[in-house]
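Structural characterization, general
One letter stands for each residue in the lines below.
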Amino acid sequence: MDATRTIVETVGRLRQRRTAPLVLELDLTEGLSEGPPADPVTALLSMRKTRLAEVLSGLRRARKDPRVTALIVRIGGNPLGLGTVQELRTAVIKLRAAGKRTVAFAETFGEFGAGTVPYYLASAFERVYLQPSGDVGLTGVALEQRFLRDALAKAGVEYQVGQRHEYKTAANTFTQNHMTDAHRESAGRIAESVTEQVVAGVAEGRGLDPKRVRELIDQGPFIGSEAVEAGLVDELKYRDEVYAETVDDGAHLLYVSRYAKSALSGRLPHPGAATVALVHGSGMIRLGRSGRSPLGGGGAMGSDTICAALRSARRDEKVKAIVFRVDSPGGSYVASDAIWREVVLARRAGKPVIVSMGDVAASGGYFVSMAADVIVAQPGTLTGSIGVFGGKPVVGELLGKLGVVTESVAEGANAGMFSPSTAFSEDQWERVNAWLDRIYDDFVGKVAQGRDLTKDRAHELARGRVWTGADARAAGLADELGGLEDALSLARRRAGLPDDTPVRTYPRMHPLERLRPPESSEDKSAALARVRLEAWGPLARMAGQLGLPAYGPLVLPGHWTIR
């Protein structure tokens with residue numbers, strides 16, 4: 001009898017949960033994952049990290065779900081890229097338009113630091129709450145770069161680098177001691193374009209005049225009470241107060257990612273049904289398989305992995321269109337060219353290829369994108385950088401100062417030309433420049449072919465210059481402004497498919513990803529604490545003993561970070 005009563009009560013609770021009002025949660029304090037992990041280490045590290053595609057899918061479904069009454073998003077200090085932020089803002093704005101309450105909460109938007117981009121995200125919500133002790137670091141956009149040439153020279157290190165052309169400034173960190181005119185011009189336009197986007201978004205979201213937003217940026221940062229007075233924040237409240245005000249009695253809390261997965265599990269596509277393939281390419285581009293980057297800071301896009309994914313999608317008769325999600329600052333020319341070829345072959349097979357650009361799709365990231373039928377970028381995506389650089393550091397003098405003697409035996413005049421011990425000879429330097437010219441000509445020629453431009457016009461837009469997505473679209477390097485959901489909708493239309501055609505992700509899910517994540521913040525804390533103590537505790541302690549940061553990506557010189 002007791003067992004029967006227990007079963008009945010359990011079934012009743014499950015039915016009640018299916019019909020109860022839903023308040024969706026999204027915790028951004030750990031950041032977001034762009035695509036599926038490519039190796040066991042990445043899978044383990046991203047087990048508790050929400051995937052962007054799941055968030056977008058869940059919010060899209062929630063717009064039409066009468067059970068969903070509200071969305072609460074916790075915005076933290078873990079930086080999100082500008083393109084990702086714009087994807088989320090668009091999804092939130094559409095949810096608001098569907099009549100759902102949208103609430104943003106943060107302990108702080110920059111604790112004695114910049115918080116422009118996190119606040120820009122929050123401004124899309126109907127209500128913005130800030131912990132009473134928090135601040136709003138709305139201070140504008142700053143791009144800063146260090147130049148190491150003189151410091152390296154003192155140590156006895158010289159960089160021999162060739163570049164094509166004046167706007168290809170990634171190597172300037174090592175070869176210059178100041179911004180060149182082209183460098184300053186390009187960086188200045190990026191900052192200006194991003195500021196225009198932030199001002200417009202904050203003004204629209206908070207009902208302020210754009211001129212007033214400009215004034216507020218110059219007056220920031222703000223303590224909490226000042227932010228309320230300026231109309232940037234609605235109220236100062238702690239988390240429990242925000243939830244008490246937003247979550248009605250009887251409502252069920254559910255993370256957006258769990259909500260999205262529950263929808264998919266309830267309507268698996270027929271084995272023979274048409275699908276859209278979603279291929280994720282993230283990180284530095286290299287030959288071989290995708291996986292952890294040897295330089296740190298996340299994964300690498302391996303040409304073997306991405307080419308195999310594109311081939312599989314091309315050969316699968318059920319796949320009618322391909323969306324290629326690119327989030328990469330570039331890398332190997334040869335690897336990029338191999339991926340480019342698979343995009344071309346997919347189009348020749350009659351399958352529309354739509355590229356969706358993430359935060360960055362520059363240099364090699366643009367190379368792998370340029371052959372697509374349509375390129376969709378966010379206004380704040382950093383793209384272009386159509387150019388090349390190459391060379392080596394020469395450390396012979398440094399080694400001599402350290403008492404290190406280098407001797408070599410070689411057969412062939414140029415056998416040791418890539419050794420860092422000696423500088424390039426005049427003949428070797430000619431070979432380096434011939435290599436750079438060949439790559440640049442190939443890159444520009446394929447841009448002209450893919451974008452239907454003359455080669456002169458392609459060169460004018462190239463020269464190594466980085467563009468925001470908004471400027472790239474105006475120049476003809478991108479076709480539309482939007483995000484991943486826009487690219488998927490466009491792919492369905494191009495292939496003549498219904499709006500609810502399912503999406504199949506490539507590369508396939510790693511087995512570690514199948515571990516069950518928490519359903520809401522109510523059951524997350526204990527599990528998260530356990531994972532951090534067991535997985536990160538020893539590493540964090542070791543890093544602290546060595547004087548290294550325990551968390552955070554490695555930021556390479558020459559890579560702009562917008563906060």
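Everything below is about the structure shown above.
Report follows, based on the coordinates. (Residues numbered from 1 in each chain as written. Predicted model: local features only at pLDDT ≥ 70, side-chain atom pairs only at ≥ 80, totals over all residues. Heavy atoms only, no water.)

1. Observations regarding the overall build of the chain
A count of helices and strands for the chain gives 21 helices and 23 strands. A sequence separation of at least 24 residues applies to 77% of the contacts in the chain between residues at least 6 apart. Approximately 27100 Å² of the chain is accessible, and the part contributed by carbon and sulfur atoms is 52%. (Helix = DSSP H or I, 4+ residues; strand = E, 2+ residues; numbered from the N terminus. Contact = heavy atoms within 4.5 Å. Areas by Shrake-Rupley, 256 points an atom, 1.4 Å probe, with all protein chains shown as cover.)

2. Description of the nonpolar core
With 72 residues, the main nonpolar core has Leu 28, Leu 71, Ile 75, Phe 109, Val 136, Leu 232 and Val 323 as its most contacted residues. Residue contributions to this core peak at eight residues, all from helix H8 (residues 181–206). Residues within four places of Leu 232 in sequence aside, it is in contact with Tyr 119, Val 128, Val 136, Leu 138, Arg 206, Leu 208, Leu 216, Phe 222 and Ala 227. Met 301, Ile 306, Ala 313 and Met 370 belong to the second largest nonpolar core, which has 53 residues in total. (Core = buried A, V, L, I, M, F, W, Y, C linked by side-chain atoms within 4.5 Å. Buried < 20%, exposed > 50% of the residue type's maximum accessible area, 1.4 Å probe, protein only.)

3. Structural notes on helix H20 (residues 484–494)
Listing the buried residues of H20 in full gives Leu 484, Glu 485, Ala 487, Leu 488, Leu 490, Ala 491 and Arg 492. A positive phi of about 70° marks Gly 496, the residue just after H20.

4. Describing the packing of helix H3 (residues 52–62) against helix H4 (residues 82–97)
Between H3 and H4, the shortest axis-to-axis distance is 9 Å and the interhelical angle comes to 15°. In this view, H3 runs roughly parallel relative to H4, as classed from their interaxial angle. Handedness of the H3/H4 crossing: left-handed. Judged by residue contacts, Leu 52, Val 55, Leu 56, Leu 59 and Ala 62 of H3 engage Thr 84, Glu 87, Leu 88, Ala 91 and Leu 95 from H4. Partitioned by chemical class, the residues of the contact of H3 with H4 number eight nonpolar, one polar and one charged. (Axes fitted to C-alpha atoms, helices over the stretch in contact; angles between N-to-C directions. Parallel < 35°, antiparallel > 145°, perpendicular 65-115°, else oblique. Left-handed = near helix turned anticlockwise from the far one by under 90°. Nonpolar A, V, L, I, M, F, W, Y, C, P; charged D, E, K, R; others polar.)

5. What to know about the sheet that holds strand E1 (residues 22–27)
Within a sheet, adjacent strands bond to each other through the backbone by hydrogen bonds, running parallel or antiparallel. Across the sheet, which stays open at both edges, the six strands sit in the order E10-E6-E5-E4-E1-E11 with parallel pairing between neighbours. Each of the sheet's edge strands pairs with one partner strand only, and the pair in question is strand E10 (235–236) and strand E11 (252–255). In terms of strand pairing, E1 meets strand E4 (residues 68–74) through six bridges, oriented parallel. Bridging across to E4, Leu 22 finds its partner in Val 68. (Pairing = 2+ DSSP bridges.)

6. Description of the environment of Thr 108
Checked against the element boundaries, Thr 108 lands in the loop between strand E5 (101–106) and helix H5 (116–122). When the C-alpha positions of Thr 108 and Gln 131 are compared, they lie 6.7 Å apart, and in sequence the two are 23 residues distant. Sequence-distant contacts of Thr 108, defined by excluding residues within four places in its chain, comprise Leu 130, Gly 134 and Asp 135. A polar contact is formed between the side chain of Thr 108 and the backbone nitrogen of Asp 135, at a distance of 3.0 Å. (Polar contact = N/O pair within 3.5 Å; in protein donor to acceptor, adjacent residues only side chain to side chain.)

7. Concerning the pairing of E11
Side-chain alternation along E11 places His 252 and Leu 254 on one buried face and Leu 253 and Tyr 255 on a second face that is also buried. Direction of pairing for E1 relative to E11: parallel, over a ladder of four bridges. Counterpart to Leu 24 in the pairing with E11 is Leu 254.

8. Looking at H8
Under the 1.5 Å per step criterion, the end-to-end length of H8 is 37 Å for 26 residues, consistent within 8% with the ideal 38 Å. Positive phi appears at Gly 207, one or two residues downstream of H8, with a value of about 65°. (Expected span 1.5 Å × (residues − 1).)

9. Considerations on the packing of helix H14 (residues 333–348) against helix H17 (residues 426–451)
Relative orientation of the contacting elements H14 and H17 amounts to 25°, with a least axis distance of 12 Å. By the criterion of interaxial angle, the relationship of H14 to H17 is roughly parallel. Crossing of H14 against H17: the hand is left-handed. Judged by residue contacts, Tyr 333, Asp 337 and Trp 340 of H14 engage Arg 438, Ile 439, Asp 442 and Lys 446 from H17. Classifying every residue of the contact of H14 with H17 by side-chain character gives three nonpolar, no polar and four charged.

10. A word on the environment of Asp 337
Residue position: Asp 337 is located in helix H14. In contact with Asp 337, not counting residues within four places along its chain, are Phe 367, Asp 442 and Lys 446. Polar contacts involving the side chain of Asp 337 include one to the side chain of Lys 446, which spans 2.5 Å.

11. Looking at the pattern of salt bridges
In this structure the tally under the stated criterion is 32 salt bridges. A salt bridge links Glu 192 to Arg 189; the shortest N-O distance between them is 2.9 Å. Of the two residues, Glu 192 and Arg 189 both sit in helix H8, three residues apart, roughly one turn of that helix. With its nearest N and O atoms 3.2 Å apart, the salt bridge here joins Asp 234 to Arg 206. Within this pair, whereas Asp 234 is found in the loop between helix H10 (224–229) and E10, its partner Arg 206 is found in helix H8, the two being separated by 28 residues in sequence. Salt bridges sharing common partners tie together Arg 127, Arg 206, Asp 234, Glu 235, Lys 237 and Glu 245. (Salt bridge = Lys/Arg side-chain N within 4 Å of Asp/Glu carboxyl O.)

12. Points about the packing of aromatic side chains
Following the criterion strictly, the structure yields five aromatic pairs and no others. Each ring, one from Phe 109 and one from Tyr 119, has its centre 5.6 Å from the other, and the planes form 90°; the classification is edge-to-face. With Phe 109 in the loop between E5 and H5 and Tyr 119 in helix H5, this pair connects stretches of sequence that are 10 residues apart. Plain terms: the ring middles of Tyr 333 and Phe 367 are 5.8 Å apart, the flat faces sit at 75° to each other, and that makes the pair edge-to-face. On the criterion of sequence distance, the pair formed by Tyr 333 in helix H14 and Phe 367 in helix H15 (residues 364–367) is long-range, its members being 34 residues apart. When its relative accessible area of 17% is taken as the criterion, Tyr 333 is described as buried. For Phe 367, a relative accessible area of 2% gives the class buried. Sitting over the ring of Tyr 243, Arg 239 keeps its end group 4.0 Å from the ring centre. The aromatic ring of Phe 424 is capped on one face by Lys 392, whose charged end is 4.3 Å from the ring centroid. (Phe/Tyr/Trp six-rings, centres within 6.5 Å; stacked < 30°, edge-to-face > 60°. Lys NZ or Arg CZ within 6 Å of the ring centre and 35° of its normal.)

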